[in-house]
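What follows is the residue order along each chain.
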Amino acid sequence: MLTTFHARSIRELSPKDRSRQECILAYGEKLLVGLNNGTLRIYRVSNPTTPTEPIDIECLREVEGFTKRPINQMGCIKESSIIVILADSYVSTYDMATYEKLETLSKTRGATLFALTSGVERDIAGVPSVVSRLAVVVKRKLLLYLWKDGEFHDSNEITLLSQPRSLTWAAEGKLCAGLSSSFAMVDVNTEVVEDIPMAGGGGGAGGYLSWSTRNPLATRLGDDELLLVRDSTSMYISSRGDPLESKQIPWTHAPDQLGYSYPFLVSLHPHHTLQIRNPDTQNLLQTITLPGATLLHTPQHNHALSHAGKQFYLASPTQIWKMVLVDYGTQVKELTTKGEYDEAISILEQIEQALFVEKEERIKEIQMLKAEKLFSMGKFRDSMDLFAKVAAPPARVIRLYPPAVAGEISNQIVEEPAEEPPQDKASQSEENGSPTEETKQNGEGEDKSSPTEEQAPGTPPKENGNHPSTPDVAAPRSSYFGIPARLKLSSAAAADDTASIKSGRSGKGDSEAAAPPSATATPPPAAQAILPPPPTNRLEGKVLKLAVQGLVSYLVEMRRKLLKYVKPDMDPDALGESAIAPGPETVLAFGDAPSKSAAIDFSEVAALLPPSRHGGEMSVKEQLENLMEMAKLIDTTLLRSYMFTNSSLVGPLVRVENFCDPEVVHEKLVETGRFKELVDYLANKKLHDKALVLLKSFGDREDPDDREPDLHGPQATVTYLQKLHADQLPLIFEYSTWVLHKDPKLGMEVFVDDTPQVESLPRDKVLDFLKSIDVKLGVRYAEHLVHELKDDSPDYHNWLIEGYLTIMKEHKEPGEDGWQWKLSSAERDEYGQKVLKFTEDSHQYWPEKVIKWLPKDDPTFYEIRASILSRLGEHRQALEIFVFRMQDFSKAEAYCNRIHQLSPPASDPAETSTETVYSILLSLYLNPPSNYEVQMPPALDLLSRHGARVDPLESLRLIPESIKVADLGNYFENRIRHSNSRVNMNRVMAQLYKSEAFRWEELNAEAKKKAVAIGEERVCPVCHKRLGKSVISVFPDGQVVHYGCANRLAGRKGMAVKEEPVDLGLRRGFGTDRWSSASGNTGGWR
Amino acid sequence: MSSRKKVLLKNKNSDYKLKVIILGDSGVGKTSLMNQYVNKKFSASYKATIGADFLTKEVLVDDRLVTMQIWDTAGQERFQSLGVAFYRGADCCVLVYDVNNQKSFETLDSWRDEFLIQASPRDADSFPFVVIGNKIDVDDGKRQVPQKRAMAFCQSKGSLPYFETSAKEAINVEQAFEVIARHALAQEEAEEYSGDFGASTIVDIGADADRDGCAC
Ligand SMILES: Nc1nc2c(ncn2[C@@H]2O[C@H](COP(=O)(O)OP(=O)(O)O)[C@@H](O)[C@H]2O)c(=O)[nH]1
Ligand SMILES: [Mg+2]
């Protein structure tokens, strides 16, 4: 059971004193006690700062005959310095300083109860002001008063169903009245009364006793909640009266009185038992029995400061106890020590940050403790979800696992010696023991008045079994990650007495305990609580697997959070200043630091960031470094975890952005023979040369390596190289070499694949490289450039020819069979054909350059040479090759045909004197150089077939006289027919042109025939004036406008007005063809 | 938690709930594909998806009625905004790229890897992915990723089914999702068969062990 309050007896009437205490009121340091004889005693009570500090109480004054009858109820409005008293059936006001009566509210005659409130309210105009209200119960009536200008003004009266037996102010202007059978929420402004239905009969016997004689009880809980109690049934409502989630308080006895002492619910039960509960969990925290106590006085609710009254009073007719709060830190620590984490968290959550500065840190810390407990119970998923929820520092979570997962931060590395049993006696008694010193105001009755504290039934058993619970001084000074400095205890030391081990572990803490508290080096309280969790039973086998699966989900979640801020290739140095937003959603906020750079908003990972080591704000750089360090731990552990539970995820992890420790990755992957993943990892980290060396060692070998047979051969290297960009060119060259030698075709894929990366490689360099390995590779590449990529650079076209020729000219080793070339004749021919075709097709090579490379006397190159000569326009030389060297007349003729087709003479050759290819050929046949014979039959053949394409005069001149005319018959016939056909053709054309001309004339005439009638009334549609006798324009669609307006209408119609002026001679004229429609052919225009 | 769900599903016996997640760079047409499939609608205006959203559709797979829950995501933020919970229990992941956008193709691999990490499926190698090359209706000249290369990628990742679709013209969308449903169902059944270690507590192990015992 927790100690939340100490009951300190501050006043006890001596046995001789016959008077009895009837009513108390406390505010500030004052304590007012009303006695049964009408005397009012006023005390000043000091506020102890610790539960054991002596409490001074001093009787300031005693006003005898303050009231005629005993006081029934007291209240005060501090803002107005008045005390409100109900006595003798009247409510009266008194001056707070002088205790003189100010006024008796005469209408309150018969009053049984009142309730006061003061707080900020807004008037109709929304102007806030402090308003104090008083509600008085007189029979079934509620009398309402408003404090104004130093006195109460009655505002209104509301009559209820029955007489209220309790009265509690809820929200501003709302009053909760406990009636005989229900509660009602009264709106004092609108006078609306709403019944609050209450689920009948909570625990136990209450069920049918709905006419209970017990008073209905109500109290505010904090700012916007109320608790209603009837018998043992409880109900939470909002301050506006709406029922909240139904939670029952497990009372064993129905309470007699109820109150709220921030943040606890206190209730006084029969037999003078006080219960202190957490209103959120309903758990009983403490029970105190105070002999004879009948009066519970909790501080009046204060709107402005709900935590204003943390202390409350209890009184019996003869004794008063001040309930002194144990500070929250101690309470939370006590709960934590007992493993009651939920309770501790719940209480912390109800306390305002201002009252408990490290609230958030402490909640987080306790949640981590809870997660650790869940972990030790084997609830791994729950544990990890909780760790993830509070963003626990990764090291703290990871160390729960054995080294196979956690690496060297595992807390299972070192066998921890059994630790000394709990605990620091001194602190224990300080926390739990009853106060040893009490002020002896009254000197007597010490023993019988000292409070007894009992354990509530049903509290969870203590958790800490054989593990020491959190010792408050044994905080290992740890690095931020909460890792205790790794313990390296020799066995001798371990055998030594445990105390020394403990001091060895926590030297710092001990010395602090010994030394007087000094201002320096107080470890932050959060750190104090961080202790290595109880070394859980070893995780093994299936259980360990489950535990690791839980860990994975935590790590993945944390990883996701961190990746918003840090990237593996980030340089915190650079970032510290320039403050580049790492993620799209990262908000740039201006830090209060004077530095000009904007700070990164770390709010989402703030929980992860350690407190700064030197007080002030951490620099962005430090924060980033911290996060990166953490990310490294997370990813490395994730890798190990995958190895352990789900190795198929190793690949994905090493391929995505990750912070894995390279050494661990290397070690783990090699250990398990995952070289493919290792390659992926290296690639991801841009360690391409390492990756490629690895690939080569697996690929370039006789037999596959058993560990990774898939990597055998060049394919993996090729795939890898294809993904590299141009900036890695030297690497690409270096590591493609072995592949090109081993499998040239596959190796070429590195350079000819159609991916953007490959296509981005600098072509000239690649060509040079491939040439240097093998001309054939160069040729293959050049072919790729020219044919597939349609590269027009002359260099590649020239080189392709050069490459072909180089291959063709390659000599064989001085030879057996007398064959001179390396290539077989068939192969040479094949290349010859390629070159020939290329020289004919390509227009990009430089013929004058290329022709020099051709051997003159090798017949293989004759045709190629001819083709190049043709490109140079040297048709005579080209034809000489066909006619004289090759004596292939059909090829000569084909050559002529091709040239003729490429550039047919513009007009009839008969009329020009230009020499055609045919005449060149003819002249070669008929008029050869001296050492060649005249070739008559091919000449005649040529003439008969292409005679028309040769200038007749020229050909006749060439034909030797010895030729018989009969042999030329074909030629002439052909020639004449050709001429005739031209004549006829021209006649037909002439006729056609004539009829075309006629057609146009007709069209013209028709257009001119069109007329428009202009009457007196006809107006121009543009300017709306009469056309009268002005010069007009007629549009093709019949619209008539002024000549001057034509442009405007034309613009609207999207037409253009022709430049030439209209026929001005025609007034009332005809439409002319001034118009040409934009679309060229508008209707009605023919 | 998921084991309870499964028991429920088993009892109904015809009704399976399949969770399908669509991933890919932003603008590739994830939302459009989903809309085309579920609502038979296409909108040419681009509205960036915010956070994550899902649509459901009931389909028959081999006579079994299956409810497909298709989760659409906001591509640009990568995996950083959606928690692990979002990916837990996925039965199939659809990787979408735009055939006219080389980059969207190149990121497929890391979408796949990140998904695997976030979802932590028991056996990453057999987890069903379906690859979709979208927007094939766009002018041929603009195409950047040849079908051949996409298919080679799918092959290298373990013969992933590949579809070329147009959400705009409703080409192949139906077919792609049919295969997605089929694979998701197979995955769901496989998961069920092997028992779910996902909701793991010590107590669960016991239960699992018992069930295994009975089944034999
Ligand atoms: N031409 C064409 N456009 C599409 C297609 N699918 C989507 N779009 C357009 O591409 C843009 C992005 O689509 P959306 O579905 O929002 O992409 P998301 O970011 O991946 O969800 C929108 O303007 C769509 O209209 C398609 O198949 N063909
Ligand atoms: Mg979208």
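- The name given to chain B in an unreviewed UniProt entry is Ras-related protein Rab7, and the organism recorded there is Arthrobotrys flagrans.

- For chain A, an unreviewed UniProt entry supplies the name CNH domain-containing protein and the organism Arthrobotrys flagrans.
- Entered under Subcellular location (unreviewed entry) in the UniProt record, the comment concerning chain A runs "Endomembrane system".
- According to the UniProt record, the Sequence similarities (unreviewed entry) comment for chain A reads "Belongs to the VAM6/VPS39 family."

**With respect to the overall build of chain A**
Point 1. If you tally the helices and strands in chain A, you get 36 helices and 34 strands.
Point 2. Summing over all exposed atoms, chain A offers an accessible surface of approximately 53,400 Å²; the carbon and sulfur share of this is 51%.

**A closer look at the sheet that holds strand β18 (residues 217–221) of chain A**
Residues and elements named next belong to chain A.
Point 1. The strand order across the open sheet formed by 3 strands is β18-β19-β20, and the pairing between neighbours is antiparallel. The sheet terminates laterally at β18 and β20 (233–238), the two strands that pair on one side only. In this sheet, adjacent strand axes meet at a mean angle of 20° when their direction is disregarded.
Point 2. One ladder, built from 5 bridges, connects β18 with strand β19 (residues 225–230); its direction is antiparallel. Counterpart to Leu-221 in the pairing with β19 is Glu-225.

**Some points on the site of ligand 1**
All names here are of chain B.
Point 1. Lining the immediate environment of ligand 1, one finds 21 residues, of which Gly-27, Thr-31, Ser-32, Asp-137 and Ala-167 sit closest.
Point 2. With respect to ligand 1, the backbone of Gly-27 contributes an N or O atom lying 2.7 Å from an oxygen atom.
Point 3. In this structure, Lys-168 approaches ligand 1 through a main-chain N or O atom, which is 3.2 Å from an oxygen atom.
Point 4. A total of 580 Å² of accessible area belongs to ligand 1 in isolation, and the protein chains cover 90% of it.
Point 5. Considering every element that reaches the shell around ligand 1, the biggest residue donor is helix α2 (residues 30–39), with 3 residues.
Point 6. The residue makeup of the shell around ligand 1, split by class, is 6 nonpolar, 10 polar and 5 charged.

**As for the packing of aromatic side chains**
Point 1. Summed over all chains, the structure comprises 25 aromatic pairs over all chains.
Point 2. Note on Phe675(A) and Phe698(A): the rings are 4.6 Å apart at their centroids and 45° apart in plane angle, and the pair reads as tilted. Taken as a pair, Phe675(A) in helix α18 (residues 675–684) and Phe698(A) in helix α19 (residues 688–699) lie far apart in primary sequence, 23 residues in all.
Point 3. Phe675(A) sits in the buried class, given a relative accessible area of 4%.
Point 4. An aromatic cluster is present here, built from Tyr87(B), Phe115(B), Phe127(B) and Phe129(B) joined pairwise through their rings.
Point 5. One residue, Lys834(A), lies across the ring of Tyr831(A), its end atom 5.2 Å from the ring centre.
Point 6. Directly above the aromatic system of Trp1000(A) lies the positively charged group of Arg999(A), at a separation of 5.2 Å from the ring centroid.

**A word on the nonpolar core**
Point 1. Grouped together as the largest cluster of nonpolar side chains are 179 residues, with contacts concentrated most on Tyr401(A), Tyr554(A), Val566(A), Phe751(A) and Phe115(B).
Point 2. When residues of this core are assigned to domains, at least three fall in each of domain 2 (694–760) and domain 3 (763–812 + 822–904 + 915–972) of chain A.
Point 3. Setting aside its immediate chain neighbours within four residues, Val566(A) contacts Leu624(A), Leu627(A), Met628(A), Ala631(A) and Phe659(A).
Point 4. If you look at the next biggest cluster of nonpolar residues, it comprises 42 residues, including Leu296(A), Tyr328(A), Val332(A) and Leu335(A).

**A look at the state of the cysteines**
Point 1. Scanning the entire structure with this criterion turns up 0 disulfides over all chains.
Point 2. With no disulfide of its own, Cys1020(A) lies closest to Cys1023(A) among cysteine sulfurs, the gap being 3.8 Å.

**Some remarks on a nonpolar patch on the surface**
Point 1. On the surface, a nonpolar cluster with roughly 510 Å² of combined accessible area is contributed by Met985(A), Val988(A), Met989(A), Leu992(A) and Tyr993(A).
Point 2. Turning to its location among the elements, Met985(A) is positioned in helix α35 (residues 965–1009).

**Looking at the pattern of salt bridges**
Residues and elements named next belong to chain A.
Point 1. Taken as a whole and assessed by the stated rule, the structure comprises 44 salt bridges over all chains.
Point 2. As a salt-bridge pair, Asp-680 and Arg-655 come within 3.0 Å of each other at their nearest N and O atoms. One end of the pair, Asp-680, is in helix α18; the other, Arg-655, is in helix α16 (residues 650–655), and 25 residues separate them in sequence.
Point 3. Taking the relative accessible area as the measure of exposure, Asp-680 reaches 26% and is therefore partly exposed.
Point 4. The exposure class assigned to Arg-655 is partly exposed, which follows from its relative accessible area of 23%.
Point 5. As a salt-bridge pair, Asp-705 and Arg-701 come within 3.4 Å of each other at their nearest N and O atoms.
Point 6. Among the charged side chains, a network of salt bridges with common partners joins Lys-107, Lys-141, Asp-154 and Glu-157.

**Focus: α2(B)**
Point 1. Along α2(B), the positions that sit buried rather than exposed are Lys30(B), Leu33(B), Met34(B), Gln36(B), Tyr37(B) and Val38(B).
Point 2. Directly after α2(B), the chain includes Lys40(B), whose backbone phi takes a positive value near 55°.

**As for the environment of Val739(A)**
Residue and element names in this part refer to chain A.
Point 1. With respect to the secondary-structure elements, Val-739 resides in helix α21 (residues 729–742).
Point 2. Overall, the relative accessible area of 1% leaves Val-739 in the buried class.
Point 3. C-alpha separation for the pair Val-739 and Val-718, spaced 21 residues apart in sequence, amounts to 7.7 Å.
Point 4. Setting aside anything within four residues of it in sequence, one finds Val-739 in contact with Pro-714, Thr-717, Val-718, Pro-744 and Gly-747.

Rules used throughout
- Residue numbers run consecutively from 1 along every chain, following the written order of its sequence.
- Note on labels: chains are lettered from A, ligands numbered from 1, in written order.
- Per-residue local features are limited, in this predicted model, to residues with pLDDT of at least 70; the limit for side-chain atom pairs, both in listing and counting, is 80 or more; totals at the level of whole chains, interfaces and linings are taken over all residues.
- No hydrogens and no water enter the side-chain calculation; it runs on all heavy atoms of the structure.
- UniProt positions are given in the numbering used here, feature names are shortened, and annotations may be inferred rather than shown by experiment.
- Here a helix means four or more residues in a row that DSSP labels H or I, a strand means two or more in a row labelled E, and each is numbered from the N terminus.
- All accessible areas in this document rest on Shrake-Rupley with a 1.4 Å probe, and a residue is counted as covered only by the protein chains that are shown.
- Strands are treated as partners if at least two bridges between them are detected by DSSP.
- Every axis corresponds to a line fitted to the C-alpha atoms, with the helix fit spanning only the stretch in contact, and the corresponding angles, defined between N-to-C directions, vary from 0 to 180 degrees.
- For this purpose, a residue is taken to be near a molecule or strand whenever a single non-hydrogen atom of the residue falls within 4 Å of it.
- Side-chain atoms alone can form a polar contact between residues adjacent in sequence; in general such a contact is a pair of N or O atoms within 3.5 Å, and within protein one must be able to donate a hydrogen while the other accepts it.
- In this classification, Asp, Glu, Lys and Arg are treated as charged, Ala, Val, Leu, Ile, Met, Phe, Trp, Tyr, Cys and Pro as nonpolar, and every other residue, Gly included, as polar.
- Any Phe, Tyr or Trp ring, taking Trp's six-membered ring, that has another such ring centre within 6.5 Å forms a pair; planes under 30 degrees apart are called stacked, those over 60 apart edge-to-face, and the others tilted.
- Relative accessible area decides the class of each residue, using a 1.4 Å probe on protein chains only: under 20% of the type maximum gives buried, over 50% gives exposed, and in between gives partly exposed.
- By definition here, charges over rings are those cases where NZ of Lys or CZ of Arg is within 6 Å of the ring centre and within 35 degrees of the ring normal.
- Nonpolar cores were defined as sets of buried Ala, Val, Leu, Ile, Met, Phe, Trp, Tyr and Cys residues, with membership established by side-chain atoms within 4.5 Å.
- The source of the domain bounds is an automatic or database domain assignment.
- Any two residues whose heavy atoms approach within 4.5 Å are treated as being in contact.
- Throughout, a disulfide means two cysteine sulfur atoms within 2.5 Å of one another.
- Surface patches are drawn from residues lacking salt bridges whose relative accessible area is over 30%; two like charges belong together within 9 Å, two nonpolar side chains (Val, Leu, Ile, Met, Phe, Trp, Tyr) within 5 Å.
- Between Lys or Arg on one side and Asp or Glu on the other, a salt bridge is scored when a side-chain nitrogen of the former is within 4 Å of a carboxyl oxygen of the latter.

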